[in-house]
Amino acid sequence: MIYFDNAATSWPKPPCVGEAMMRFMQEAGVNPGRGSYHLAIEAGRTVYRAREAVARLVNASNPLRVVFTANVTEALNLALRGLLRPGQHVVTSGIEHNAVMRPLRALEREGVSITVVPCSPTGLLDPADVRAALRPETALVALNHASNVIGTITPIAEVGAIAHEHGIPFLVDTAQTAGVVPLDMAAMQIDLLAFTGHKALLGPMGTGGLVLAEGFDEARLEPLIRGGTGSNSEWEEQPSFLPDKYESGTPNAVGLAGLEASVHWVLARGVETIRAHEQVLTALLLDGLAEIPGVIVYGPRDPAQQVATVSWNIAGMDPGEVGLRLEEEYGILCRVGLHCSPAAHRTIGTFPTGTVRFGLGAMNTQEEVLEAIKAVYALAKEARC
Amino acid sequence: MLSQFCVLLVPSTSYAVRAENLLARAGIEAKLIPVPRKFSSNCGTCLRIAREDLERALEVLKKGKLEPEAVHDL
């Protein structure tokens with residue numbers, strides 16, 4: 001079996017992830033930050049260490065500014081809904097996931113105006129187009145760091161500089177990049193960084209969060225939910241300090257124990273080393289697919305400009321059929337269709353049919369890529385007959 | 001008689017753990033204990049440190065932008 005759906009969820013995970021979760025459940029699986037008995041404090045320390053690990057990964061100086069959520073979708077909802085008010089304007093791009101577009105379309109109905117800056121047919125965003133889209137009432141620039149459909153990497157640092165020049169907060173969706181593209185909130189001038197634990201960070205599902213830059217004033221960001229935090233319990237008002245302001249209810253501490261282990265694994269291996277490995281795999285895949293007659297590859301087709309996610313089609317064959325046959329005849333698991341991103345598929349011209357997507361990951365090998373190329377070759381040959 | 005320990009009140013367990021880490025790095029031992037009821041109606045956790053470490057501890061925490069909400073002798 002070959003698993004090529006790492007863009008959705010990475011699998012398998014490093015063994016230390018499951019071990020850390022098991023250890024937490026067996027040795028300290030109590031409520032973190034609620035009681036003050038030693039186990040509760042130990043659970044609290046586990047969650048705190050996960051904050052520290054994430055802060056280190058994105059170069060944030062204060063781990064208390066790492067807010068945990070159930071996933072990146074919740075983090076993006078928190079940022080968009082927490083920040084934007086009727087009458088305000090937001091700039092986003094043509095390769096966004098529905099995790100950004102759906103909350104924005106809902107806000108649009110409430111009076112927020114949206115500019116979707118188009119990307120090139122390979123998904124590339126021109127920072128100058130972002131600058132041109134800014135208005136006096138622009139309250140946020142929200143961008144995907146890399147397309148989940150074609151892998152194209154957005155020039156984040158350039159846009160960060162433009163946003164800050166105009167005093168506009170900058171939100172970045174790192175769902176496809178955290179763990180595989182070096183992240184530096186300060187250097188990239190990111191104010192709000194949304195991440196997920198279960199993709200390239202190699203952690204468990206149900207983990208993710210929003211990291212607030214040191215200079216971002218959290219008074220402007222309303223919480224998505226309110227409730228018990230284990231702090232300020234004498235008050236019926238939500239605490240104003242981080243991370244409690246945005247973290248109500250018992251957290252996924254067992255998941256965060258796994259996330260701590262996975263982020264440490266990624267940091268020990270080195271984000272740049274993982275990136276280099278994935279670039280080798282991507283180059284191999286792109287070269288192989290380019291040589292198969294009848295195969296159309298979308299996106300930049302350049303490992304330097306994209307993450308290890310490659311979308312393609314066989315001319316004249318339904319992507320759904322290709323996916324099914326890849327699994328049934330070759331044991332290759334991948335994802336076909338629209339990948340929750342109609343915007344990106346419109347950008348590359350594959351809406352509404354969709355594509356076949358190979359999402360390669362840190363655990364994949366060159367042998368697997370070569371085997372997959374052979375399978376695609378065989379299917380494409382049949383389609384031509 | 002001067003008390004041997006004092007407690008530093010902080011807003012939450014996350015703060016307490018962060019303060020504990022900063023202090024440990026500076027070689028100051030802190031124990032996380034429930035906030036004594038006479039100091040707060042809060043259900044939270046606070047840091048107990050030796051009285052003699054107080055001055056240095058406050059310096060470390062100030063540098064880490066983590067100043068306690070209150071300090072009490074135990």
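Residues numbered from 1 in each chain as written. Chains lettered and ligands numbered in written order. Predicted model: local features only at pLDDT ≥ 70, side-chain atom pairs only at ≥ 80, totals over all residues. Heavy atoms only, no water.

## Brief notes about the packing of aromatic side chains
Step number 1: Here the structure, examined in full by the defined rule, presents four aromatic pairs over all chains.
Step number 2: Judged by centre distance (5.6 Å) and plane angle (75°), the ring pair of tyrosine 3 of chain A and tryptophan 11 of chain A falls under edge-to-face.
Step number 3: Under the relative-accessibility criterion, tyrosine 3 of chain A is labelled buried at 15%.
Step number 4: What makes tryptophan 11 of chain A partly exposed here is its relative accessible area of 45%.
Step number 5: Taken together, Phe4, Trp312 and Phe358 of chain A form an aromatic cluster joined through their ring pairs.
Step number 6: Note that arginine 346 of chain A overlies the ring of phenylalanine 351 of chain A, its terminal NZ or CZ placed 3.9 Å from the centroid.
Step number 7: Between arginine 48 of chain B and the ring centre of phenylalanine 5 of chain B, over which it is positioned, the NZ or CZ distance is 4.2 Å. (Phe/Tyr/Trp six-rings, centres within 6.5 Å; stacked < 30°, edge-to-face > 60°. Buried < 20%, exposed > 50% of the residue type's maximum accessible area, 1.4 Å probe, protein only. Lys NZ or Arg CZ within 6 Å of the ring centre and 35° of its normal.)

## Quick word on helix 4 (residues 98-109) of chain A
Residue and element names in this part refer to chain A.
Step number 1: With twelve residues, helix 4 should cover 16 Å at 1.5 Å per step; its first-to-last C-alpha distance of 16 Å lies within 8% of that length.
Step number 2: As for helix 4, its buried residues are in contact with helix 3 (72-83), strand 3 (89-93), strand 4 (113-117), strand 6 (170-173) and helix 11 (342-348).
Step number 3: Within two residues after helix 4, glycine 111 carries a phi angle of roughly 110°, on the positive side. (Helix = DSSP H or I, 4+ residues; strand = E, 2+ residues; numbered from the N terminus. Expected span 1.5 Å × (residues − 1). Contact = heavy atoms within 4.5 Å.)

## Digging into the interface of chain B and chain A
Step number 1: Between chain B and chain A, the residue contacts involve 19 residues of the former and 23 residues of the latter.
Step number 2: Viewed at the interface, chain A and chain B are joined by two salt bridges.
Step number 3: Between glutamate 20 of chain B and arginine 45 of chain A there is a salt bridge, and its shortest N-O distance comes to 2.4 Å.
Step number 4: Inspection of the region where chain B meets chain A yields six residue pairs in polar contact (both at pLDDT 80 or more).
Step number 5: Ranked by residues supplied to the side of chain B that touches chain A, first place goes to helix 1 (residues 13-25) of chain B with eight residues.
Step number 6: Per-class residue counts for the side of chain B that touches chain A are eight nonpolar, eight polar and three charged. (Salt bridge = Lys/Arg side-chain N within 4 Å of Asp/Glu carboxyl O. Polar contact = N/O pair within 3.5 Å; in protein donor to acceptor, adjacent residues only side chain to side chain. Nonpolar A, V, L, I, M, F, W, Y, C, P; charged D, E, K, R; others polar.)

## Here's the deal with unusual backbone geometry
Outside of glycine, negative phi angles account for most residues, and trans bonds account for most peptide bonds.
All names here are of chain A.
Step number 1: Cis geometry marks the peptide bond from tryptophan 11 to proline 12; its omega dihedral reads -5°.
Step number 2: Here proline 12 lies in the loop between strand 1 (2-3) and helix 1 (15-27).
Step number 3: Phi is positive for asparagine 59, which is not a glycine, with a value near 55°.
Step number 4: Note on placement: asparagine 59 falls in the loop between helix 2 (38-58) and strand 2 (66-69).
Step number 5: Positive phi is not limited to glycine here, since leucine 202 has a value of about 65°.

## So, the sheet that holds strand 10 (residues 309-314) of chain A
Two pairing modes exist for strands in a sheet, parallel and antiparallel, and in both the strands are linked by backbone hydrogen bonds.
All names here are of chain A.
Step number 1: Spatially, four strands are ordered 9-10-13-12 in an open sheet, and the strand pairing comes out antiparallel. Across the chains shown, the open sheet's two edge strands, defined by having one partner strand only, are strand 9 (295-297) and strand 12 (335-337). When the angles between neighbouring strand axes are averaged without regard to direction, this sheet yields 30°.
Step number 2: Where strand 12 and strand 13 (residues 355-359) come together, three bridges link them in antiparallel fashion. Its bridge partner lying in strand 13, glycine 337 is registered against threonine 355.
Step number 3: Relative to strand 10, helix 9 (residues 271-290) is tilted by about 15°, and along the sheet it contacts strand 9, strand 10 and strand 13.
Step number 4: Helix 10 (residues 319-330) contacts strand 10, strand 12 and strand 13 of the sheet and is inclined by roughly 40° relative to strand 13. (Pairing = 2+ DSSP bridges. Axes fitted to C-alpha atoms, helices over the stretch in contact; angles between N-to-C directions.)

## Regarding the domain arrangement of chain A
All names here are of chain A.
Step number 1: With domains assigned, chain A is organised as domain 1 (2-10 + 271-384) and domain 2 (15-269).
Step number 2: Every contact between the two is made by 33 residues of domain 1 and, on the other side, 33 residues of domain 2.
Step number 3: Both faces combined, the contact of domain 1 with domain 2 buries some 2,700 Å², and carbon together with sulfur accounts for 61% of it.
Step number 4: The largest contributions to the domain 1 side of the interface with domain 2 come from Val271, Val307 and Thr347, which together make up 22% of the buried area.
Step number 5: Run the count over domain 1 and domain 2 and you get 16 residue pairs in polar contact (both at pLDDT 80 or more).
Step number 6: Among the elements of the structure, helix 9, strand 10, helix 11 and strand 13 are those that each provide at least two residues to the side of domain 1 that touches domain 2.
Step number 7: When its residues are assigned to classes, the side of domain 1 that touches domain 2 shows 15 nonpolar, 14 polar and four charged. (Domains from an automatic or database assignment. Buried area = accessible area lost by both parts, 1.4 Å probe.)

## Regarding the nonpolar core
Residues and elements named next belong to chain A.
Step number 1: Of all hydrophobic cores here, the largest spans 91 residues; its most connected members are Val141, Leu171, Phe195 and Leu210.
Step number 2: At eight residues, the largest contribution of residues to this core is made by helix 2.
Step number 3: Inspection of this core shows a minimum of three residues originating in each of domain 1 (2-10 + 271-384) and domain 2 (15-269).
Step number 4: Leave out the neighbours within four places in its chain, and leucine 210 touches Arg65, Val66, Val67, Ala75, Leu78, Ala79, Leu171, Leu192, Leu193, Ala194, Phe195 and Leu221.
Step number 5: Listed in part, the 28 residues of the second largest apolar core include Ile292, Ile314, Val322 and Ile373. (Core = buried A, V, L, I, M, F, W, Y, C linked by side-chain atoms within 4.5 Å.)

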